[in-house]
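Breakdown of the fold
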Amino acid sequence: MKKTNLLIIGSGPGGYRTASYAAQNGLEVTIIEKGQPGGTCLNSGCIPTKCLAHDAEIHLIGSSLYNTPPPLDFTKVMERKEGVMGQLRDGVEALLSQPGITFIKGEARFVSDHVVEVNGEQIEAEYIIIATGSRSKMPPFMTEEDFLKQDETAQNIVTSTELLSIPKLPKRLTIIGAGVIGMEFASAFSAFGSEVTVIEFMKECLPPIDSDIAKRLRKILEKRGVTFYMQSAVKKIVSPSESEQAHTTVIFDKKGKETSVETDLVLIATGRQANIDNIGLESTGIETNGRGVVVNDNMETNIKGIYAIGDVNARQMLAHAATFQGFRAVNHILKKKDDIRLDIMPSAIFTYPEAACVGKTEDQCKGEEIAYTTRKGFYRANGKALSMEETEGMIKILFAEDGTILGAHCFGAHSADLIQEVAALMNCNAKLEQIRDIIHIHPTLGEILQDALI
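Scope of this entry: the structure provided in the associated data block.

Criteria and cut-off values
Residues numbered from 1 in each chain as written. Predicted model: local features only at pLDDT ≥ 70, side-chain atom pairs only at ≥ 80, totals over all residues. Heavy atoms only, no water. Helix = DSSP H or I, 4+ residues; strand = E, 2+ residues; numbered from the N terminus. Rg over C-alpha atoms; globule rule 2.2 N^0.38 Å. Areas by Shrake-Rupley, 256 points an atom, 1.4 Å probe, with all protein chains shown as cover. Lys, Arg positive; Asp, Glu negative; His and termini not counted. Charge placed at Lys NZ, Arg CZ, Asp CG, Glu CD. Polar contact = N/O pair within 3.5 Å; in protein donor to acceptor, adjacent residues only side chain to side chain. Contact = heavy atoms within 4.5 Å. Core = buried A, V, L, I, M, F, W, Y, C linked by side-chain atoms within 4.5 Å. Buried < 20%, exposed > 50% of the residue type's maximum accessible area, 1.4 Å probe, protein only. Pairing = 2+ DSSP bridges. Axes fitted to C-alpha atoms, helices over the stretch in contact; angles between N-to-C directions. Salt bridge = Lys/Arg side-chain N within 4 Å of Asp/Glu carboxyl O. Expected span 1.5 Å × (residues − 1). Phe/Tyr/Trp six-rings, centres within 6.5 Å; stacked < 30°, edge-to-face > 60°.

**Observations concerning the overall build of the protein**
Broken down by element type, the protein carries 14 helices and 22 strands. Relative to the compact-globule value of 22 Å for 454 residues, the protein shows a C-alpha radius of gyration of 23 Å, a close match. Along the first, second and third principal axes, the C-alpha atoms of the protein reach 65 × 65 × 45 Å. Working note: accessible area of the protein is about 21,400 Å², and carbon and sulfur atoms make up 50% of it. Looking at the protein, you have 47 positive and 59 negative side-chain charges, and the mean spots of the two groups are 3 Å apart.

So, in structure tokens, the structure goes:
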């Protein structure tokens, strides 16, 4: 039986960045991956989606400049995406070939708490980090088995994974779910020219974002032609094979009234679920709940020396969350103190315009009876935004009574960059009086934050 200091299952952003960090700190690391290096984020998530978002933005800007949509070569859009993914995958593979790291391609299964089997060989490790990520979650009206039964040659229901590999732009795309995944694809495919319909169970899109910001962003997409059905529950999807019609029909209930939409392709974007199946957890004493692997604030499970990071623990399903949870786990192994604030987790939605947030929403403050004040800054009053023709947008910042930041929410060009600045200030416990005195370059979008505080 082979032995190693640290065994990591999964090579997504959490897995490969943690492996590199652990090796740099003197640990002997073995990392196992059953799919492509880079995990969901690189191969069927963050990176390919952002490639489409970029090309969609360029296409929209071209349409605005010439008052007519320029020709779209969807094949080239997809080819560029594949090129970016390939380049980054090569980088991950190079990272995992550095001294101190052994990379194994295969499917890992626990044999016992500290022993994992891969490719018929058992490996024992004092420390194990589970970083197996997540997969698309099926809605109540469809099981994973039903989804997988579809004929691949005539598949009319897809998740984000399949949508990122389609060879042809759909004329009509219906998206079930107005969370981050649904909204990003709605923005991109409507820009490419698809007729996009979004069906959402909740009252508003993007639950993590302040409802004021989310509503404004939705209205912008509606102006671009996206149709939204909010507070609507999908009952079933009728495919061409089940009817005499050539199209797919999505049947849903909107406030007690049955409604239907005809479409060519349906995207299931109803969230993600942790990959805890088929990794042998039943052979261990590792505790799980309905969402994922249960961990403490050091990402350690109930079994000493066994950790779980990223989507698999379902705490914060974000690539950068997985990375820094991995750093925290390694620091705990090394008995090394850190200042990582996992409670301050910025996130972004790469629609056009993009949106971003960190901390609490106004609704959360009200619900928790937290005293707060709000400050707002608007893109339309900013010189850089005007020069960029990006006047749609605003930032909203929530302050506690002592002047510290409770949260911030933004939509508009480079929202993620503005929110990142706020996240840095939150990590430093900066107060309103101090932040007001920070000088921003002129002209920059950063001045929108500055103007909000004056």
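**Section: the side chain of Gln-450**
Topologically, Gln-450 is positioned in helix H14 (residues 446-453). Within the local environment of Gln-450, its side chain forms a polar contact with the backbone oxygen of Ile-438, the two atoms lying 3.2 Å apart. Those residues in contact with Gln-450, other than ones at most four positions away along the chain, are Ile-438, Ile-439 and His-440.

**So, the nonpolar core**
Looking at soluble globular proteins, one finds that nonpolar side chains tend to be buried together. Counting residues in each nonpolar core, the largest one holds 52 residues, and the members touching the most others are Leu-6, Val-29 and Ile-130. In terms of residue count, the dominant contributor to this core is strand E6 (residues 121-130) (6 residues). Core analysis: the second largest hydrophobic core is formed by 42 residues, Val-77, Leu-173, Ile-220 and Ile-349 among them.

**Observations concerning the sheet that holds strand E13 (residues 248-254)**
One open sheet holds the 3 strands; their spatial order is E12-E13-E14, and the pairing between them is antiparallel. A single partner strand is all that each edge strand has here, and the edge strands are strand E12 (232-238) and strand E14 (257-263). For this sheet, the mean angle separating the axes of adjacent strands, direction not counted, is 25°. Examined bridge by bridge, E12 and E13 share 6 bridges and lie antiparallel to one another. Paired with Val-234 across the bridge in E13 is Phe-252.

**Regarding the pattern of salt bridges**
A complete count under the given rule lists 23 salt bridges for this structure. Arg-135 serves as the salt-bridge partner of Asp-277, at 2.9 Å between the closest nitrogen and oxygen. You can see Asp-277 sitting in the loop between strand E16 (272-274) and strand E17 (306-308) and its partner Arg-135 sitting in strand E7 (residues 134-136), a full 142 residues away along the chain. The class for Asp-277 is partly exposed, based on a relative accessible area of 43%. Its salt-bridge partner being Glu-368, residue Lys-360 comes within 3.0 Å of it at the nearest N-O pair.

**Some details on helix H1 (residues 13-24)**
With 12 residues, H1 ought to run about 16 Å at 1.5 Å a step, and its terminal C-alpha atoms sit 16 Å apart, in line with that. By the criterion of burial, H1 is predominantly enclosed, with 10 of the 12 residues buried. Restricting attention to buried positions, one finds in H1 the residues Pro-13, Gly-14, Gly-15, Tyr-16, Thr-18, Ala-19, Ser-20, Tyr-21, Ala-22 and Ala-23. The positive-phi residue at the C-terminal boundary of H1 is Gly-26, with phi of around 95°.

**Some remarks on the sheet that holds strand E21 (residues 394-399)**
Remark on secondary structure: sheet strands pair via backbone hydrogen bonds, oriented parallel or antiparallel. Here we have 5 strands laid out as an open sheet, ordered E18-E19-E22-E21-E20, and antiparallel in their pairing. Each of the sheet's edge strands pairs with one partner strand only, and the pair in question is strand E18 (347-349) and strand E20 (373-378). In this sheet, adjacent strand axes meet at a mean angle of 15° when their direction is disregarded. As defined by bridge partners, E20 adjoins E21 across 6 bridges and the pair is classed as antiparallel. When the sheet's bridge partners are listed, Arg-375 is paired in E21 with Ile-397. Relative to the sheet, helix H12 (residues 415-427) contacts E18, strand E19 (355-359), E21 and strand E22 (405-411), its axis offset from that of E22 by approximately 175°.

**Focus on the packing of aromatic side chains**
Enumeration over the complete set of coordinates arrives at 7 aromatic pairs. Considering the side-chain rings of Phe-74 and Phe-189, the 6.2 Å spacing of their centres and the 55° angle between planes classify their relative orientation as tilted. Residue Phe-74 is found in helix H4 (residues 74-95), and its partner Phe-189 is found in helix H7 (residues 180-192); the two are separated by 115 residues along the sequence. We classify Phe-74 as buried; its relative accessible area is 7%. With a relative accessible area of 0%, Phe-189 lands in the buried category. Aromatic pair Phe-74 and Phe-192: ring centres 6.0 Å apart, planes at 75°, arrangement edge-to-face. Within this pair, whereas Phe-74 is found in helix H4, its partner Phe-192 is found in helix H7, the two being separated by 118 residues in sequence.

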